[in-house]
Amino acid sequence: MPDDQSRLDLFIDRMVSQRACLDHAIAQTKGMTGPVFELGLGNGRTYHHMAQYIKDRPVYVFERAVASHPDSTPPEDMVILGDVRETLPAALVRFGATASLIHADLGGHNREKNDAFARLVSPLIEPLLAEGGLMVSSDRMYFETLTELPLPTGAVEGRCFVYCR
Ligand SMILES: C[S@@+](CC[C@H](N)C(=O)[O-])C[C@H]1O[C@@H](n2cnc3c(N)ncnc32)[C@H](O)[C@@H]1O
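Residues numbered from 1 in each chain as written. Predicted model: local features only at pLDDT ≥ 70, side-chain atom pairs only at ≥ 80, totals over all residues. Heavy atoms only, no water.

Some thoughts on the site of the ligand
Filter applied, for reference: Any residue with at least one heavy atom within 4 Å of a molecule or strand is counted as near it. Polar contact is defined as a pair of N or O atoms within 3.5 Å, subject to the rule that within protein one atom must be able to donate a hydrogen and the other to accept it, and that residues adjacent in sequence are counted only when both atoms are side-chain atoms. Here the accessible surface of atoms and residues is derived via Shrake-Rupley with a 1.4 Å probe, and residues count as covered only by protein chains that are part of the display.
With respect to spatial proximity, 17 residues lie near the ligand, and among them G44, T46, E63, V84 and D105 are the closest. Within the backbone of G42, one N or O atom sits 3.1 Å away from an oxygen atom of the ligand. Between the ligand and the protein, one listed contact pairs an oxygen atom with a backbone N or O atom of G44 at 3.0 Å. Relative to its free-state accessible area of 610 Å², the ligand is covered by the protein chains to the extent of 86%.

Brief notes about the sheet that holds strand β3 (residues 79-81)
Rule in force here: At least two bridges found by DSSP between two strands is the condition for calling them paired. Segments assigned H or I by DSSP are reported as helices when at least four residues long, segments assigned E as strands when at least two residues long, and all are numbered from the N terminus. Here an angle of 0 to 180 degrees is reported between the N-to-C directions of two axes, which are lines fitted to C-alpha atoms, with helices fitted over the stretch in contact.
With mixed pairing, the seven strands of this open sheet are ordered in space as β3-β2-β1-β4-β5-β7-β6. Only two strands of the sheet have a single neighbouring strand rather than two, namely β3 and β6 (147-149). Across the sheet, the mean angle separating the axes of adjacent strands is 20° when strand polarity is ignored. Relative to strand β5 (residues 129-137), strand β4 (residues 99-104) is paired through five bridges, and the arrangement is parallel. Counterpart to I102 in the pairing with β5 is M135.

Section: the nonpolar core
Heads up, the rule is: Nonpolar core, defined: a set of buried Ala, Val, Leu, Ile, Met, Phe, Trp, Tyr and Cys residues in which side-chain atoms within 4.5 Å join the residues together. Note on classification: 1.4 Å probe, protein chains only; a residue is buried when its accessible area is under 20% of the maximum for its type, exposed when over 50%, partly exposed between these limits. Whether two residues are in contact is decided by their heavy atoms, any of which lying within 4.5 Å being enough.
Within the largest apolar cluster, 24 residues are counted, with the highest numbers of intra-cluster contacts made by F37, L39, F62, I102, I125, M135 and M141. If you list the elements that add at least two residues to this core, you get β1 (36-39), β2 (59-63), α3 (84-95), β4, α4 (111-125), β5 and β7 (161-164). If you tally residues by element for this core, the top one is α3, at four residues. Sequence-distant contacts of I102, that is, excluding residues within four places in its chain, are made with F37, L39, I125, L128, L129, L134, M135 and V136. If you look at the next biggest cluster of nonpolar residues, it comprises 20 residues, including A20, A25, I26 and L134.

Here we look at the pattern of salt bridges
Two side chains carrying opposite charge are able to pair once their charged atoms lie near each other. Note the cut-off: Should a side-chain nitrogen of Lys or Arg be within 4 Å of a carboxyl oxygen of Asp or Glu, the pair is scored as a salt bridge.
All told, the structure shown has five salt bridges when counted by the stated rule. A salt bridge links E148 to R140; its shortest N-O distance comes to 3.2 Å. Taking the relative accessible area as the measure of exposure, R140 reaches 40% and is therefore partly exposed.

Remember, this is a structural readout, not a statement about activity or role.
And the structure:
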């Protein structure tokens, strides 16, 4: 990360990159029927974007405590409530390797902690992705069987990551 960037610069880069990567992943996985997983609801901005543009597949949200904007709050039956360290293994039993698109934005302000958490959850996320599916993350992930793809136009290097099976 360049040291000369302000927090505002970094935030804008992250937002622009999330949208570019999500739009790319939504377009690339169009036609797939497997569910979409949003890991980390937060304010619900990226969930709202996905729900707005994905009409052909169910969008499930993994979150430990729902506190989103009222316009971005998913229906109760689409929320998988709890810590992802427990809900992701349970989702593998429930859904198998069927996810067409997984978006993860689970991090906070501490880059070292985000990286440690990304290492921890990578093996829990990896088996959920279907053949041909895409995974978009705000943090670098540590997958053994997924391949990192070049970023789409508009995304900023290091602010978002895209992986495919
Ligand atoms: C940065 S916010 C997501 C922001 C969201 N993409 C948006 O556009 O508003 C991260 C979210 O991940 C959730 N989260 C972090 N660690 C988690 C865990 N271990 N299990 C479940 N949710 C978690 C937090 O509660 C928080 O709501």
